Amino acid sequence: MNPVHLRQIEAYVYRKFCEEGTGHDYSHMKRVASMACMLADREKADKQISEAAGWLHDITDDKLVDDPAAAKLELVQFMKDIGIKEEERSAIDNAIADVSYRYGHNQPKTLEGQIVQDADRLDAIGAIGIARAFAFGGAHGRLIYEEGNDQTTIQHFYDKLLLLKDLMNTDSAAMIAEERHEIMKGFLRQFHLEWEVMGESSANPL
Ligand code: ADP
Ligand code: NI
């Protein structure tokens, strides 16, 4: 694999995700790819495989594509067409296989997979993580917050986002996660303060 392959992968991802509106857009893929490359450097992993897998980690996700199996076949064909070797294709494939949080607390088997999972989780926390959570919540018609409602976007912070800091695979990601975690805690503190002050906690009028 060479830098030209990575630019071709970027263009492929751009075509697929440039209009995505739930926080899984091209810029998410770009940040995950850049973060994966940086973490790979620090953790002495394969930088090109990590970056490629960062770009492609959501390409067959069933919440983003209607037919994940078809997306997978298309991806394999694309990688063959641009001349990525079998051995590299399988390294990329392994790295993205276990990234998602939703399928349980998967521990990816390869270091590159662990790095891409960390990069994806880092993009779900901190200021950008906050923005993405509300983009996702809005796109799915969820309320920002309501007492006693466990389906709100604020609830998602307690269910998942505040747990991510302790789930990082690598020390390099765990360090970055600390600061982003504090940003979320500060945001939630202020959110609840403003909510209370404005009397929003009063009972449902019906
Ligand atoms: P994964 O692919 O790791 O399973 P998710 O499906 O959990 O990832 O989606 C990751 C992004 O979507 C995160 O930024 C997260 O905040 C957002 N997200 C997922 N579920 C919710 C939810 N119920 N409310 C708000 N944001 C959500
Ligand atoms: Ni992702």
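Anything mentioned here points back to the structure above.
Residues numbered from 1 in each chain as written. Chains lettered and ligands numbered in written order. Predicted model: local features only at pLDDT ≥ 70, side-chain atom pairs only at ≥ 80, totals over all residues. Heavy atoms only, no water.

*Asks:* Can you explain helix H4 (residues 68-81)? Please cite residues and give values.
*Replies:* With 14 residues, H4 should reach 20 Å at 1.5 Å per residue; the first-to-last C-alpha distance of 20 Å fits that figure. The complete set of buried residues in H4 reads Ala71, Leu75, Phe78 and Met79. When H4 is viewed along its axis, its buried side chains cluster within an angular range of 95° and face the same direction. Away from its buried face by more than 90 degrees, H4 exposes Ala69, Leu73 and Asp81. Summarising the contacts, the buried residues of H4 are in contact with helix H1 (3-17), helix H3 (47-56) and helix H5 (86-97). At the C-terminal side of H4, Gly83 shows a positive phi close to 90°. (Helix = DSSP H or I, 4+ residues; strand = E, 2+ residues; numbered from the N terminus. Expected span 1.5 Å × (residues − 1). Buried < 20%, exposed > 50% of the residue type's maximum accessible area, 1.4 Å probe, protein only. Arc of directions from axis to C-beta. Contact = heavy atoms within 4.5 Å.)

*Asks:* Requested: an account of the coordination of the nickel ion (ligand 2), with residues and values cited.
*Replies:* Looking at the nickel ion (ligand 2), the protein donor atoms are His28 (NE2), His57 (NE2), Asp58 (OD) and Asp120 (OD), and they sit 2.1 to 2.4 Å from it. The site at the nickel ion (ligand 2) holds four donor atoms, and with the angles between them running 85 to 173°, its shape is irregular. Between consecutive donor residues of the nickel ion (ligand 2), the sequence gaps follow H-x28-H-D-x61-D. One end of the pair, Asp58, is in the loop between H3 and H4; the other, Asp120, is in helix H6 (residues 111-122), and 62 residues separate them in sequence. (Donors = N, O, S within 2.8 Å, 3.2 Å for Na, K, Ca; no water. Tetrahedral: all angles 85-135°; square planar, octahedral: opposite > 155°, others 65-115°.)

*Asks:* Run through the packing of aromatic side chains, naming residues and quoting values.
*Replies:* Applying the stated criterion across every chain, the model contains 10 aromatic pairs. With 6.0 Å between their ring centres and 35° between their planes, Phe134 and Phe157 make a pair best called tilted. Placement of Phe134 in helix H7 (residues 126-139) and of Phe157 in helix H8 (residues 153-159) is noted, with a sequence separation of 23 residues between them. Judged by centre distance (5.9 Å) and plane angle (40°), the ring pair of Phe157 and Phe187 falls under tilted. Remark: Phe187 occurs in helix H9 (residues 171-197) and Phe157 occurs in helix H8; sequence separation between them is 30 residues. On the basis of relative accessibility, which here comes to 0%, the residue Phe157 falls in the buried class. The exposure class assigned to Phe187 is partly exposed, which follows from its relative accessible area of 25%. (Phe/Tyr/Trp six-rings, centres within 6.5 Å; stacked < 30°, edge-to-face > 60°.)

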